[in-house]
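Descriptive analysis of the structure
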Amino acid sequence: MIKDIVTKTAPSQLVDHSACPAPSSPGILYEKHPTAAEGLFNVWVTIDNPRQFNSYSIDMLKALQQAFRTAGEARDVVAVVLTGAGSKAFCTGGDAMEFATYYAGNPQEFRRFMRLFDDTISAILACDKPVICRVNGLRSGGGQELGLACDLSVAQDLAVFGQAGPKHGGAMVGGATDFLPVMIGAEEAMAAGILCDPISAHKARRLGMISAVVPALKVDSRFIPNPSVVTDRVVDEFGEFILGEPKAGGEIKAAKEIVAKGEIDLSRLDAKVEELCSKFLHMSPEALTKTLEELRKPKLDAWNRSKEGNRAWAAINMTTEAHAGFKAFAVGNKEVGREVNFVALRQAQAIGAPWTPDLIEALMPGRIS
Ligand SMILES: CC(C)(COP(=O)(O)OP(=O)(O)OC[C@H]1O[C@@H](n2cnc3c(N)ncnc32)[C@H](O)[C@@H]1OP(=O)(O)O)[C@@H](O)C(=O)NCCC(=O)NCCSC(=O)C1=CCCCC1=O
């Protein structure tokens, strides 16, 4: 009956409103998953570079941007799911090797990179459909920023959230400094941004960085919570929050053994994502979009206020601290570490020494200071 009515009233030819080509790049999958309703789909956008923890190349950023524009514009799409391939990492940001070899010392080129990255964040925030981040694993660096731009995040409970930030000579100005204060409050955002400690999925849920966490580890065919963090108590005997804090000592050794003998099963994560998508299916589409637009405002306002200045700063920083930071990641390894000798840098600056190629070389991990 409804079908008869709408086939009579729908335009015989639809106008194509797409402003960019459909996404196509190795490393980005764009898939339409059928919903329970005929002719309607959810789009899954998958960052597919698991060998490098789903870091993204320039072409992948372009395709990501196109994916959100295409899915946002598509009449038959209900919701968009952004995820990473596999179960190790959601995304760890830009290709750190490319940063070290191409962008380090080349600020005008990095400004170009940042335009692409920033426009990808803006494309998520402008998507006319709800965007769910399916956090299948580690979400850090620019990956954390892509995730924070999404409307909702649901994580498997072994996932870790992090920000390389000042530990790698950068500042988290690709969105995290804008989004985190409005999402989790100024104090927690400050702690996350300047301490650079990894945050467990349970802690992220407690802070309000994500809206659901589900188990993923199966031992003897049964789901168990992440054994590496506290999940059975919210506070310790002194009233301090411990839910989601890492275990230590013998407990962590035992936890690692449990993880090693278990298997990862993301079916609960998928079920959670499906549950959210099917809620959207049963809502008024335009009212849902309007609600998204309104509730995105705090993030969007903060983002639009600072993104251009941050882009310029990030470019210039590629001549100094990020230059050294990414080079250190590239030349370092597990033995000597992958970080700059920050103390030597501070000592150099304490006597007013300028940045030179020799100084950068001397700051690399493993060099005798
Ligand atoms: C913490 C790590 C992500 C993971 O550490 P660990 O578990 O010890 O594994 P690794 O042996 O280090 O990594 C496994 C292999 O994956 C490669 N890898 C991981 N992440 C990246 C990446 N982002 N780019 C390139 N390659 C990556 C790693 O080299 C290993 O490969 P191999 O061939 O050696 O086996 C750790 O890897 C880490 O800290 N990675 C660096 C992540 C990083 O610095 N990301 C931030 C980039 S900056 C950024 O994203 C942006 C900031 C501003 C806005 C724009 C933007 O993009």
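Figured I'd write up the structure that's included with this text.

Conventions used here
- Each chain carries its own residue numbering, running from 1 in the written order of its sequence.
- Only residues with pLDDT of at least 70 get local features here, since the model is predicted, and only at 80 or more are side-chain atom pairs given and counted; chain-wide, interface and lining totals rely on the full set of residues.
- Processing note: side-chain calculations cover all non-hydrogen atoms of the structure and skip hydrogens and water entirely.
- Only heavy atoms are used to decide nearness, and a residue is near a molecule or strand if one of them lies within 4 Å of it.
- Here a polar contact is recorded for every N or O atom pair within 3.5 Å, except that within protein the pair must consist of a potential hydrogen donor and a potential acceptor, and residues adjacent in sequence are included only if both atoms are side-chain atoms.
- Accessible surface area values rest on a Shrake-Rupley calculation with a 1.4 Å probe, where residue burial reflects the displayed protein chains alone.
- Think of it this way: any DSSP run of H or I at least four residues long counts as a helix, any run of E at least two long counts as a strand, and we number them from the N terminus.
- Note on residue classes: Ala, Val, Leu, Ile, Met, Phe, Trp, Tyr, Cys and Pro are nonpolar, Asp, Glu, Lys and Arg are charged, and everything else, Gly too, is polar.
- Think of each axis as a best-fit line through the C-alpha atoms, taken over the contacting stretch in the case of a helix, with angles from 0 to 180 degrees between the N-to-C directions.
- Here the angle decides the label: under 35 degrees means roughly parallel, over 145 means roughly antiparallel, 65 to 115 means roughly perpendicular, and every other value means oblique.
- Each crossing gets its hand from how the near helix is turned against the far one by less than a right angle, where anticlockwise is left-handed and clockwise is right-handed.
- We call two residues in contact when some of their heavy atoms are within 4.5 Å.
- Three labels apply to residues, based on accessible area from a 1.4 Å probe with only protein chains included: buried if under 20% of the type maximum, exposed if over 50%, partly exposed otherwise in between.
- A pair of strands is labelled paired if DSSP reports no fewer than 2 bridges between them.
- For a helix, the expected span equals 1.5 Å multiplied by the residue count minus one.
- Within this document, salt bridges are pairs made up of a side-chain nitrogen of Lys or Arg and a carboxyl oxygen of Asp or Glu, the two lying within 4 Å of each other.

1. Things to note about the site of the ligand
Residues in contact with the ligand amount to 21 residues; listed here are only the nearest, Y56, T92, G94, A96 and K334. Within the backbone of T92, an N or O atom sits 2.9 Å from a nitrogen atom of the ligand. R338 has a polar side-chain atom sitting 3.0 Å from an oxygen atom of the ligand. A total of 1000 Å² of accessible area belongs to the ligand in isolation, and the protein chains cover 72% of it. At the level of elements, α3 (96–103), α4 (107–125), α5 (142–149) and α12 (321–331) are the ones that each hand at least two residues to the shell around the ligand. Sorting elements by how many residues they give to the shell around the ligand places α4 first, with three residues. Residue composition of the shell around the ligand, by class: ten nonpolar, six polar and five charged.

2. Quick notes on the packing of α5 against helix α6 (residues 176–184)
Between α5 and α6, whose axes approach to 10 Å, the crossing angle comes to 50 degrees. Relative to α6, the element α5 lies oblique. Here α5 and α6 pass one another in a crossing that is left-handed. On the side of α5, the interface is formed by E145, L148 and A149, while α6 contributes A176, F179, L180 and M183. In terms of residue class, the contact of α5 with α6 is made up of six nonpolar, no polar and one charged.

3. A closer look at the environment of M60
Among the secondary structure elements, M60 is positioned in helix α2 (residues 58–73). C-alpha of M60 to C-alpha of I224: the two residues are 164 residues apart in sequence and 35 Å apart in space.

4. Focus: the environment of M318
Here M318 shows up in the loop between α11 (285–317) and α12. Owing to a relative accessible area of 0%, M318 belongs among the buried residues under this scheme. For the pair M318 and R111, spaced 207 residues apart in the sequence, the C-alpha separation amounts to 9.5 Å. Other than its neighbours up to four places away in sequence, M318 contacts F99, Y103, A104, G105, N106, F110, H323 and F326.

5. Digging into the sheet that holds strand β9 (residues 199–200)
Taking strand neighbours across the sheet as the criterion, the four strands line up as β4-β6-β8-β9 in an open arrangement whose pairing is mixed. Edge strands, defined here as strands with exactly one partner in the open sheet, are β4 (89–91) and β9. Examined bridge by bridge, strand β8 (residues 160–162) and β9 share two bridges and lie antiparallel to one another. When the sheet's bridge partners are listed, F161 is paired in β9 with I199. Helix-sheet contacts for α5 involve β4, β6 (138–140) and β8, and the interaxial angle to β6 is about 95 degrees.

6. A few points about the packing of α3 against α12
Interhelical geometry of α3 versus α12 gives an angle of 120 degrees and a closest axis separation of 8 Å. The pairing of α3 with α12 is recorded here as oblique in orientation. Both α3 and α12 take part in a crossing whose hand is left-handed. Counting all contacts with α3, which are made through A96, M97, F99 and A100, the residues of α12 involved are F326, K327, F329 and A330. Split into classes, the residues belonging to the contact of α3 with α12 amount to seven nonpolar, no polar and one charged.

7. As for α2
In a regular helix each residue adds 1.5 Å, so 16 residues correspond to 22 Å; α2 covers 23 Å between its end C-alpha atoms and thus fits that length. Here α2 lies mainly inside the structure; twelve of its 16 residues are buried. If you check which residues of α2 are buried, you get I58, M60, L61, A63, L64, Q65, Q66, A67, F68, T70, A71 and G72.

8. Thoughts on the pattern of salt bridges
The tally for this structure, following the rule as stated, stands at 18 salt bridges. A salt bridge links E109 to R112, with the nearest nitrogen and oxygen atoms 2.9 Å apart. Placement of both E109 and R112 in helix α4 is noted, with a separation of three residues, approximately one turn of the helix. One salt bridge connects D270 with R134, and the closest N-O pair in it is separated by 2.7 Å. Note that D270 is positioned in helix α10 (residues 267–281) and R134 in strand β5 (residues 131–135), a separation of 136 residues in sequence. On the basis of relative accessible area, R134 is assigned to the buried category, the value being 7%. Each of R115, E308 and R311 takes part in one network of salt bridges that share partners.

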